[in-house]
Amino acid sequence: MAKSKQLARMTKEEGHEGVVKVSVLGKDSIILGRNMHSYIWDDLLNNLAYSTTFVLITDSNLQRLHMKKYVETFNQAIEAKYGKTGDQGASTAGSGSVERPRLLTLVIKPGESSKNRSTKAELEDWMLKEGCTRDTVVMALGGGVIGDLVGFVAATFMRGVRFIQLPTSLLAMVDSSVGGKTAIDTDHGKNLIGSFWQPERVYMDMAVLTTLPEREFANGMAEVIKSAAIWSMEEFEVLERSRENIRRALKGGDKEGKSESEKEDQELLLRVVSSSVRMKAHVVTVDERESGLRGLLNFGHTLGHALEAIVTPYMLHGECVSIGCVLEAELSHRLGYMNANSVGRLAKCFKQYELPISYEEAYVSKMVPPQVLKRVTLENMMNTMKVDKKNVGNKKRVVLLSEIGDTVEEQASRVEDDVVREVLAKSVEVFGIESTEQLQKRQGVGKGGDEDSAVVIIPPGSKSISNRALILAALGKGKCKIHNMLHSDDTQVMLDALVAMGACKVSWEQEEAEDQQTEEVLVIEGGGGEGLVVPDREL
């Protein structure tokens, strides 16, 4: 059983119902809640050192959804603190005259293509033209692209100005907005030029998640599942059983008069996001500059980034990380650290949230043009990984799992290229290797060994038998435990299909195997062939 691991401290904000603060690097700078616009400006104007200028940068897609509300609530907050423009003494505080803070807004083109040197220079030149100084507070309203780019501007403008993250996607909330990594892309790869620059605040408004398309929400859930997989079996089990509750929380929006079950769903969504954030905040606090423990956050990213470099922009970051996590779990299994059932369990959790687990499945073929997909080859993947920042010489650094919720080391492990190739390859040629004794006997040197002593090759389990076992268990009535089921794309598709048709419910139990190691056992609760439904999606 994976050992319990520490999470960052979380406290409730007094006087603000539903608002919680998470500590990172000794400061309660990550704040989660709902409909936080007024809270944000009140906090910045009253609890942050005075600033003459706030710069709010977003993209054209998010401008239509969020910018107006931020501008309106800023003006209201300024009026409340400084009085209406023209009021006698409105801008006076204490014994001296205080200039009323201003809000500058800028909208840039959406997408990864904006995360480059030229856009960064344009933002900096615009800020200089507008008279921004070292007391300026720069605010990034958007997803990972906006946060990375604007954060890097804040890190270098006037040798560093204060920075605020306003993540609008789940992916940005649980990943890029926490930890202070900022960067831009180059022709040589993603995030190769950047800086560590910690934000003064990260405001996570759960209400904005209701505006996300389902694919974008799934994109963020890949990072949530990844975090649970390396850190907490308890949180992983919450994710396994909570897909429908989370879906309802997103569809419920912010209507008045919520029922008790709707409130519980909203609280669950906050718990799922905050738990992932607390895990990352703790890791960042322990290892801000990624010298060891923080490397665990790259689970799924070594192979996922290699895939993403080839298929972008047709696939999202989280979709590539989902595939990368399953591949790296298979690598952990190949190296003898993780059992096959645990790999299958991890893959199933990703599938529950509509995420791909293989670049050969139908979803990927649908999203990626054939001429691009054919470039996803073993050699191209390996070549892309050569410029990975995590490499040590010619060895890849990969986060290996010992079980769900725990890793082999408290840092990324060094893995030989040959083992990575074996996991990525579509097929592997297996052949026997002579032992020293056999070679000596054949050459007539020494006594040699037993003629029958040869390499023993254990073939993988049968997918046909595994699939038949799944069908029989689903058609039966009650619970059936399946040990040593083959983990493969085909068995995963079968399992997903049976669940989607309402034929069975799936869970996992941990049992002690004969070698005293923990074994993941698949539990199928069959419906006896009753209550079958037509799935709401293509199988």
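What counts and how
All residue numbers refer to position in the chain's written sequence, counted from 1. This being a predicted model, a pLDDT of at least 70 is required before a residue's local features are given, and a value of 80 or more before pairs of side-chain atoms are given or counted; all residues contribute to the totals for chains, interfaces and linings. Excluding hydrogens and water, the side-chain values take into account all heavy atoms of the structure. Only the six-membered ring of Trp is used, alongside the rings of Phe and Tyr, when aromatic pairs are assigned; centres must lie within 6.5 Å, and planes under 30 degrees apart are stacked while those over 60 apart are edge-to-face, with the rest tilted. Only runs of H or I of at least four residues qualify as helices and only runs of E of at least two qualify as strands under DSSP, and these elements are numbered from the N terminus. For every residue, the accessible area obtained with a 1.4 Å probe (protein chains only) is divided by the maximum for its type, and the residue is called buried under 20%, exposed over 50%, and partly exposed between those limits. In this scheme, the term charge over a ring applies when either NZ of a lysine or CZ of an arginine sits within 6 Å of the ring centre and within 35 degrees of the ring normal. Here the expected length of a helix is defined as 1.5 Å per residue gap, with one fewer gap than residues. Contacts are residue-level and defined by heavy atoms, with any inter-residue pair within 4.5 Å sufficient. Strands pair, by our definition, only if DSSP identifies at least two bridges between them. Fitted lines through C-alpha atoms serve as axes, helices being fitted only where they are in contact, and the angles separating the N-to-C directions of these axes extend from 0 to 180 degrees. What goes into a patch is any residue over 30% in relative accessible area without a salt bridge, connected to like charges within 9 Å or, for nonpolar side chains (Val, Leu, Ile, Met, Phe, Trp, Tyr), within 5 Å. Every accessible area reported is derived by Shrake-Rupley at a probe size of 1.4 Å, with residue values counting cover from the shown protein chains alone. Salt bridge, as used here, is a side-chain nitrogen of Lys or Arg placed within 4 Å of a carboxyl oxygen of Asp or Glu. UniProt positions are given in the numbering used here, feature names are shortened, and annotations may be inferred rather than shown by experiment. In this tally Asp and Glu are treated as negative and Lys and Arg as positive; neither His nor the chain ends contributes.

Counted according to the given criterion, the structure contains three aromatic pairs. Plain terms: the ring middles of W41 and F74 are 4.8 Å apart, the flat faces sit at 70° to each other, and that makes the pair edge-to-face. You can see W41 sitting in helix α1 (residues 37–47) and its partner F74 sitting in helix α2 (residues 60–82), a full 33 residues away along the chain. Grouping residues by exposure puts W41 and F74 together as buried. Its guanidinium or amino end placed over the ring of Y82, K81 lies 5.8 Å from that ring's centre, counting from NZ or CZ. Between the NZ or CZ atom of K120 and the centre of the ring of F152, over which it lies, the distance is 4.6 Å.

This part covers helix α19 (residues 489–500). For the α-helix, the turn length of 3.6 residues means that residues three or four positions removed from each other point alike. If you check α19, its first and last C-alpha atoms are 16 Å apart, about what twelve residues at 1.5 Å a residue would give, namely 16 Å. Of the positions making up α19, those classed as buried are T491, Q492, L495, D496, A497, L498 and A500. Each element contacted by the buried residues of α19 is listed here: α12 (340–352), α18 (463–475), β18 (504–512) and β19 (518–527). Immediately beyond the C-terminal end of α19, within one or two residues, lies G502, with a positive phi of roughly 75°.

Taken in spatial order, the three strands line up as β17-β19-β18 in an open sheet, and their pairing is antiparallel. What marks the edges here is a single partner per strand, and that holds for β17 (477–482) and β18. Strand-to-strand twist of the sheet, defined as the mean angle between neighbouring strand axes without regard to direction, takes the value 25°. On top of the sheet, α12 reaches β17, β18 and β19; it is set at about 55° to β19, its chief contact.

Attention now goes to a nonpolar patch on the surface. A cluster of nonpolar side chains, namely M501, L532 and L539, defines an oily patch on the protein surface of about 280 Å² accessible area. Mapped onto the fold, L532 is located in the segment after β19.

Moving on to the pattern of salt bridges. Overall, the coordinates contain 32 salt bridges when judged by the stated rule. Between E361 and K351 there is a salt bridge; the shortest N-O distance is 3.2 Å. One end of the pair, E361, is in the loop between α12 and α13 (362–367); the other, K351, is in helix α12, and ten residues separate them in sequence. Residues joined by salt bridges that share partners form a network here, namely E112, K115, D148 and D185.

Below, the discussion takes up the side chain of S274. Within the fold, S274 resides in helix α9 (residues 260–286). Judged by relative accessible area, S274 falls into the buried class, the value being 4%. Once you skip the residues sitting within four places of it in the chain, S274 turns out to touch M10 and L32.

Right, let's get into the UniProt feature "transmembrane region" (unreviewed entry) in the protein chain. Residues annotated by UniProt as "transmembrane region" (unreviewed entry) correspond here to residues 137–158. End-to-end, the C-alpha atoms of residues 137–158 are 12 Å apart, and along that stretch the chain is 59% helix and 27% strand.

For the rest of this paragraph, the subject is helix α4 (residues 144–156). Over its 13 residues, α4 extends 18 Å from the first C-alpha to the last, a length consistent with the 18 Å expected when each residue adds 1.5 Å. With respect to burial, α4 is a largely interior element, eleven of its 13 residues being buried. Of all the positions in α4, only V145, I146, G147, D148, L149, V150, G151, F152, V153, A154 and A155 are classed as buried. Where α4 ends, the next residue or the one after it, M158, has phi of about 50°, a positive value.

Next up on the list: the side chain of D496. Mapping D496 onto the fold places it in helix α19. Summary of buried charges: D496 has no salt-bridge partner, and the nearest side chain of opposite charge, K351, is 4.5 Å away. D496 has contacts with K348, K351 and R537, leaving out every residue within four places of it along the chain.

This brings us to the environment of N245. Within the secondary structure, N245 is located in helix α8 (residues 243–252). Residues N245 and L269 lie 24 residues apart in sequence; the distance between their C-alpha atoms is 8.2 Å. When residues no more than four places from it in sequence are discounted, the contact partners of N245 are D265 and L268.

Turning to the environment of I78, a few remarks are in order. With respect to the helices and strands, I78 occurs in helix α2. I78 sits 23 residues away from P101 along the chain, and the two C-alpha atoms are 7.6 Å apart.

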